[in-house]
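# Inside the fold
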Amino acid sequence: MSLFPPRVTRTLAAAALVAAAAAAQQVKVAVAPGAVVRVPIAGQAGGDGTEDPGTTVEMFENPNLDRYLRKAQSFLEREDYPAAIQVLQDVIDGKTVEVLAGPGEEVGAPAGSPAATAANPSPANAANPANPASSVAGEPAPAPGRQGFNRLDARNSVFSADGRLFRPVSRLCHELLARLPTIGIDLYRATYEVAAEELLQQAELDGSVAALEAVANRYFVTLPAGRAMAQLADRLMHEGRYRSAVMVLRDLGELYPAPNRKQLGISEVWCRFKIALCLRLAGERDAAHAAVVDLAAAHGEDSLRVQGELESVRDMPSSHLFTRDVEPVGHAAAASAGWLADDVEALVPLWQVRFRNPEPYRDPKPSNDRNNVFWSEGSNASRMPFASRYGPATRVVLEPGDSQGLPRALFLEHYRLRQADAATGVLLAQGDGVDSPPPPRENQPRVRIAAADFALLRPVHDDARDYVVLGHAKDTTNSIEVFKASTLVAYRRGTLERAWSSEQWLDGDAGLRDVTFLAAPTVFGERLLLPSLRRGAYTLECLDRRSGRPMWNTPLHAGGSGFFKAPGCPVVVQAGVAFVASNAGCVAAVDAFAGDLRWIRRYERRDPRRPPPKRRAMSQEERFGYVQQFAQGELEGFLPSDLVLQGGLLVTAPIDSDMLLCLDAASGAPVWWLDGTMQYAAYGKLRLLIGTDGEDLFALSDTHLVGIGLAGGLVKWAKELPQLNGPKAWTRGRGAIVGDRVLVPGDRELLVFDARGVLPMRRLPLPAFDASRDPLGGSFDITSVGPWLALGFQGGVEMVSSRRGLLELAATIADPLRQAELVVAAGDRARGEALLTAALRDGKLTADVRTRLAGQLLGLVGERAERIAAAGDIAAALRALDDITTLIDEPTRLGWLLARVELCRNAGALREHELAQQRLYDHMEGKG
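Here the structure is a predicted model, which means the values were calculated and not measured.

## Remarks on the overall build of the protein
- The number of helices and strands found in the protein is 22 helices and 42 strands.
- Scored against the burial criterion, the 928 residues of the protein give a buried share of 52%.
- Counting contacts in the protein only where the partners sit at least 6 residues apart, residues at least 24 apart contribute 60% of the total.
- When the accessible surface of the protein is split by element, carbon and sulfur atoms take 51% of a total near 41100 Å².

## Re the pairing of strand E23 (residues 577–581)
- Here E23 lies mainly inside the structure; five of its five residues are buried.
- Residues of E23 alternate between two faces, with Val-577, Phe-579 and Ala-581 on one and Ala-578 and Val-580 on the opposite face, all of them buried.
- Pairing geometry for E23 and strand E24 (residues 586–591), over five bridges, is antiparallel. Its bridge partner lying in E24, Val-580 is registered against Ala-588.
- Connecting the antiparallel pair E23 and E24 is a turn made up of four residues, with Asn-583 showing a positive phi of about 60 degrees.

## Some details on the sheet that holds strand E30 (residues 659–664)
- What the four strands build is an open sheet, ordered E28-E29-E30-E31; its pairing is antiparallel. Looking at the sheet topology across the chains shown, the edges are occupied by strand E28 (644–646) and strand E31 (670–675). Adjacent strand axes in the sheet meet at a mean angle of 15 degrees when their direction is disregarded.
- Taken together, the three bridges between E28 and strand E29 (residues 649–652) define a ladder with antiparallel strand orientation. In the sheet register, Leu-645 faces E29, and the bridge partner there is Leu-650.

## Topic: the sheet that holds E23
- A sheet is described by the order of its strands in space; here six strands give the open sequence E2-E3-E25-E24-E23-E22, paired in antiparallel fashion. The sheet is open, and its two borders are formed by strand E2 (158–160) and strand E22 (572–574), each paired with just one other strand. Averaged over all pairs of adjacent strands, the angle between strand axes in this sheet comes to 25 degrees, irrespective of strand direction.
- Across the sheet, helix H5 (residues 169–178) lies against E2 and strand E3 (165–168), angled at about 75 degrees from E3, the strand it touches most.

## Some thoughts on the environment of Ala-452
- Structurally, Ala-452 is set in helix H13 (residues 450–456).
- According to the relative accessible area criterion, Ala-452 is buried, its value standing at 8%.
- For Ala-452 and Pro-640, which are 188 residues apart along the polypeptide, the C-alpha to C-alpha distance reads 8.1 Å.

## A word on helix H9 (residues 242–255)
- Over its 14 residues, H9 extends 19 Å from the first C-alpha to the last, a length consistent with the 20 Å expected when each residue adds 1.5 Å.
- Most of H9 is tucked away: 10 of the 14 residues are buried.
- Taken together, the buried positions of H9 are occupied by Arg-243, Ser-244, Ala-245, Val-246, Val-248, Leu-249, Asp-251, Leu-252, Gly-253 and Leu-255.

## As for the nonpolar core
- Judged by nonpolar contacts, the single largest core of 70 residues is most densely connected at Leu-177 and Phe-273.
- The contact partners of Leu-177, leaving out residues within four places of it in the chain, are Ile-85, Leu-88, Gln-89, Ile-92, Ile-185, Tyr-188 and Val-221.
- By size, the runner-up hydrophobic cluster in this structure holds 52 residues, among which are Leu-417, Leu-456, Leu-457 and Phe-483.

## Considerations on the packing of helix H6 (residues 182–206) against helix H8 (residues 223–238)
- Put simply, H6 and H8 touch, their axes get as near as 7 Å, and they point 35 degrees apart. Contacts between H6 and H8 pair Arg-189, Glu-193, Ala-196, Glu-197, Leu-200 and Glu-204 from the former with Leu-223, Pro-224, Arg-227, Ala-228 and Gln-231 from the latter.
- Tallied by class, the residues present in the contact of H6 with H8 amount to five nonpolar, one polar and five charged.

## So, helix H2 (residues 63–77)
- For H2, spanning 15 residues, the distance from its first C-alpha to its last is 21 Å, which sits close to the expected 21 Å at 1.5 Å a residue.
- Listed as buried for H2 are Pro-63, Asn-64, Leu-65, Asp-66, Arg-67, Tyr-68, Leu-69, Lys-71, Ala-72, Gln-73, Phe-75 and Leu-76.
- Where H2 is buried, its residues touch helix H3 (81–93) and H5.
- Looking one or two residues beyond H2, the residue adopting positive phi is Glu-79, at roughly 60 degrees.

## Quick word on the pattern of salt bridges
- Scanning all chains against the criterion turns up 49 salt bridges.
- Among the ionic pairs, Arg-356 bridges to Asp-435, the shortest N-O distance being 3.0 Å. Residue Arg-356 is found in the loop between strand E6 (348–354) and strand E7 (373–375), and its partner Asp-435 is found in the loop between strand E12 (427–430) and H13; the two are separated by 79 residues along the sequence.
- Taking the shortest distance from any N to any O, the salt bridge between Asp-770 and Arg-773 comes out at 3.5 Å.
- Accessibility expressed as a relative area gives 45% for Arg-773, which makes it partly exposed.
- Through salt bridges that share partners, Arg-356, Glu-413, Arg-416, Arg-418 and Asp-435 make up one connected network.

## A look at a nonpolar patch on the surface
- A cluster of nonpolar residues, Leu-894, Leu-898, Tyr-921 and Met-924, forms a patch on the protein surface that exposes about 400 Å² of accessible area.
- Elements that contribute at least two residues to the nonpolar patch include exactly helix H21 (890–907) and helix H22 (910–924).
- Considering the arrangement of structural elements, one finds Tyr-921 in helix H22.
- Judged by its relative accessible area of 39%, Tyr-921 falls in the partly exposed class.

## Brief notes about unusual backbone geometry
- Despite not being glycine, His-414 has its phi angle at roughly 55 degrees, a positive value.
- For His-414, the position within the fold is in the loop between strand E10 (408–413) and strand E11 (416–421).
- Residue His-414 is classed as buried on the basis of its relative accessible area of 3%.
- One non-glycine residue with positive phi stands out, namely Arg-535, at about 50 degrees.
- You can see Arg-535 is positioned in the loop between strand E19 (527–534) and strand E20 (537–544).

## What to know about the pairing of strand E5 (residues 309–312)
- As judged from the four bridges shared by strand E4 (residues 303–306) and E5, these two strands associate in the antiparallel manner. Bridge pairing links Arg-305 to Leu-310 in E5.
- In this structure, the hairpin formed by E4 and E5 is closed by a connection of two residues, where Gln-307 is found at a positive phi of approximately 55 degrees.

## A short note on the side chain of Asp-607
- As for its position among the elements, Asp-607 is in the loop between strand E25 (597–602) and helix H15 (620–624).
- When its relative accessible area of 6% is taken as the criterion, Asp-607 is described as buried.
- Once residues lying within four places of it in the same chain are set aside, the contact partners of Asp-607 are Met-659, Trp-673 and Asp-675.

## Topic: the environment of Tyr-491
- Structurally, the position occupied by Tyr-491 is in strand E15 (residues 487–492).
- Among the residues examined, Tyr-491 registers a relative accessible area of 0% and is labelled buried.
- Sequence spacing of Tyr-491 and Ser-501 is 10 residues, and the spatial spacing of their C-alpha atoms is 8.9 Å.
- Side-chain polar atoms of Tyr-491 contact the side chain of Asp-432, separated by 2.5 Å.

## Considerations on the packing of H3 against H6
- Viewed as axis vectors pointing N to C, H3 and H6 meet at an angle of 55 degrees, and their least axial separation amounts to 10 Å. Compared by their axis directions, H3 and H6 come out oblique. As H3 packs across H6, the resulting crossing turns out to be right-handed. For the pair H3 and H6, the contacting residues are Tyr-81, Pro-82, Ile-85, Gln-86 and Gln-89 in the first and Ile-183, Gly-184, Leu-187, Tyr-188 and Tyr-192 in the second.
- Of the residues in the contact of H3 with H6, the class split is seven nonpolar, three polar and no charged.

## Brief notes about the packing of aromatic side chains
- This structure, assessed with the given rule, holds 12 aromatic pairs.
- Their ring planes at 85 degrees and their centres at 6.0 Å tell us that Phe-220 and Tyr-256 sit as a pair that is edge-to-face. Of this pair, Phe-220 sits in the loop between helix H7 (209–218) and H8 while Tyr-256 sits in the loop between H9 and helix H10 (258–264), and the two are 36 residues apart along the sequence.
- By relative accessible area, which is 3% here, Phe-220 ends up buried.
- The buried category is assigned to Tyr-256, whose relative accessible area is 2%.
- Counting every residue linked through ring pairs, the aromatic cluster contains Tyr-188, Tyr-192 and Tyr-219.
- The ring of Phe-454 carries Arg-458 above its face, with NZ or CZ at 4.9 Å from the centroid.

## Looking at the confidence of the model for the protein
- Model confidence for the protein is summarised by a mean pLDDT of 80, while 82% of its residues fall at 70 or above.
- Every residue in residues 326–336 is under pLDDT 50, and counting partners more than four places away or in other chains gives 16 contacts.

Scoring rules and cut-offs
- Residues numbered from 1 in each chain as written.
- Predicted model: local features only at pLDDT ≥ 70, side-chain atom pairs only at ≥ 80, totals over all residues.
- Heavy atoms only, no water.
- Helix = DSSP H or I, 4+ residues; strand = E, 2+ residues; numbered from the N terminus.
- Buried < 20%, exposed > 50% of the residue type's maximum accessible area, 1.4 Å probe, protein only.
- Contact = heavy atoms within 4.5 Å.
- Areas by Shrake-Rupley, 256 points an atom, 1.4 Å probe, with all protein chains shown as cover.
- Pairing = 2+ DSSP bridges.
- Axes fitted to C-alpha atoms, helices over the stretch in contact; angles between N-to-C directions.
- Expected span 1.5 Å × (residues − 1).
- Core = buried A, V, L, I, M, F, W, Y, C linked by side-chain atoms within 4.5 Å.
- Nonpolar A, V, L, I, M, F, W, Y, C, P; charged D, E, K, R; others polar.
- Salt bridge = Lys/Arg side-chain N within 4 Å of Asp/Glu carboxyl O.
- Patch = residues over 30% accessible without salt bridge, like charges linked within 9 Å, V, L, I, M, F, W, Y side chains within 5 Å.
- Polar contact = N/O pair within 3.5 Å; in protein donor to acceptor, adjacent residues only side chain to side chain.
- Parallel < 35°, antiparallel > 145°, perpendicular 65-115°, else oblique.
- Left-handed = near helix turned anticlockwise from the far one by under 90°.
- Phe/Tyr/Trp six-rings, centres within 6.5 Å; stacked < 30°, edge-to-face > 60°.
- Lys NZ or Arg CZ within 6 Å of the ring centre and 35° of its normal.
- pLDDT = per-residue confidence, 0-100.

This is the structure:
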């Protein structure tokens, strides 16, 4: 007796002949989570009924897969579950072949069947899955440079329910399969249970997280997939990837079929408790408390055994695990920065480096030569942002240094990485890159572009290496290759010897030959994550940090930017999920371990509530086709800014959008947005996102610093900034957040604001370094770590601190030489002499250490003696040198004698000079 109705039995016999043919019309399948596929009207715009301004974003939406899903929809509506299962599983497995419907083809003929093949005898009618460059049948071939990804591969395809938030097609298939009726799930299990069990056994032997994920991703509604997800959630919790565990547990408790979960003995209550626990361990107290309150309301009569104790679910919201204790917000004390204390009135200069080329972004001399334009015939010029605008783009990074805890300063002079002692500025090592860009030439690509350098020219370090992205290093600049050139180089930490280069991995399917890095790498475990442009598509590239070997790449989208390459933004990682903003229309979340796309959002470029702007009139050059071959353009939105990730909220300020957008990091759904061009805002247009202190966001307009609530996007306050003299406000530079203070660059000064917007603004002038030269001017970027304040100008680097900060640091240093250096830098030379004198009286010092200490002491005492002699007391000056005679060792004796000679000569004391010179001769002849 058959277990299934006659109709289902007949359908089972025909399941092997399931076809994926569909109507030739190409439309987008928009699917709400858990809903049956519904097809919108062809050509429909985004979910709000309007299209964004600017260049269109090309999402990897595959019309071929759309037709498969339409076919699955028709099967589901006819309750033909075996056929629907076959189609959906083919999409999950990537077994999709595009066939162009032709005359004589049977309706519903299976892809590759004789009827379909006969109707399409030409190989040109079917795309070759093995050839990424093959075009999809029925649509034009992909544009050149965008043929690197097989659009027929379901792993690269996404779908959207609203035209904004896109998710992988495979995720849609899982949702449709999970919502099959019991008979459909039983059919699926009967077909794939054995294969799923074999894959689970292999995954358990392999022991990796990726292997367990593969079981759930391929056979989602089988029992082995449920067991794999349960093991995967535990593994992720054990590894500290709490938010990733939350996503798996939510799938297991909410999407995975309830009958399967019951058969496996997996309790919904237990899944929801683990979700709350993961949120609590991830530091999200409010979210964890809300989750456990909902759990208690729904399952208050149940109980769970936690750490061996049986606890009532109803009482869990008041347990010690989930109580929302009022804890002080983690603001670092302002005094921890040393130089930022309220009683600091002046900063202390430590050292300065001036670059060989003080103006790497200067413009070439203009020319009226008609050779500078060409007839475009409708083609787009190779545009990039104006090279000389949008900030200095010089970033100083402080990495751990010697055993005393004094860091090293890393910075790039053009493409040469330099490493200097943070306290003294002494150059310790340098890389092998060039230190001066080629001179700019009109109508040729610019090597240095400040907007792109913001994310690129910043050193990154880990425990073994320093990483930098180097651009075009040759003198020739008349080719588009200038924009494409980028090489990731790893230098051995300390020596800056080259360890490896991305040029070693150019070839192969995942090779880096056609990859342009858009930002400096982000270190994540044994991986380096870089947003990139691969064959015209924006991707996330993952490299092994020890060798540079490419591990995987995830395509995100193509198009979206009027520039040849949109200025990048470094990746940020939280709980094993990498967040990427392309600055070309999209922001995405990608699994940082396996490279699987979680979600991608086509962000709003303008407030949908505002009326569409009037179209700009075309210029004569645009109308008739005369354009510059290498043009420069304005940034239409924010200046390049880093992503802000805090407490499960992701904030982005794209360069092509007017909207400051806050997203839920787990789902990609918008939490709030703020129109940066509000007409009636007193602070004007927002231009730059500085960052967050955990409670508020801080942004800059041309005239104000603005404080914005992180939780809800409420503008709390706006503080007016002093007007800049000369350059426009967008060259002010990028500020920083230090404890409960917000720092904003001014004209050779720092503007210090209270993060709560209560205290008045404080101004700290920047000290001068060299009386003979003008100080470094223009905009600068700020880096502050402890007592160190590094300022990056386009023409050099300055390191400053405060007397108080240096003295506090010196008190923690054991090395007397380093301690004396800090004390002297703070201006307390007498204390520096006392420290060195006390150290030299220790008889346990080695000869090398004694020589270094004696040399330092001689320098300090010699300077003091010069000041005394200049005041007219030569006898007191000589006594100051004689007082350290017993502390001077033999290698330093000659220097001590020369100091006496020099002192007497400068003071004009002829007799004392003659005696000092005779004493020097006697020493050189070995007489004393």
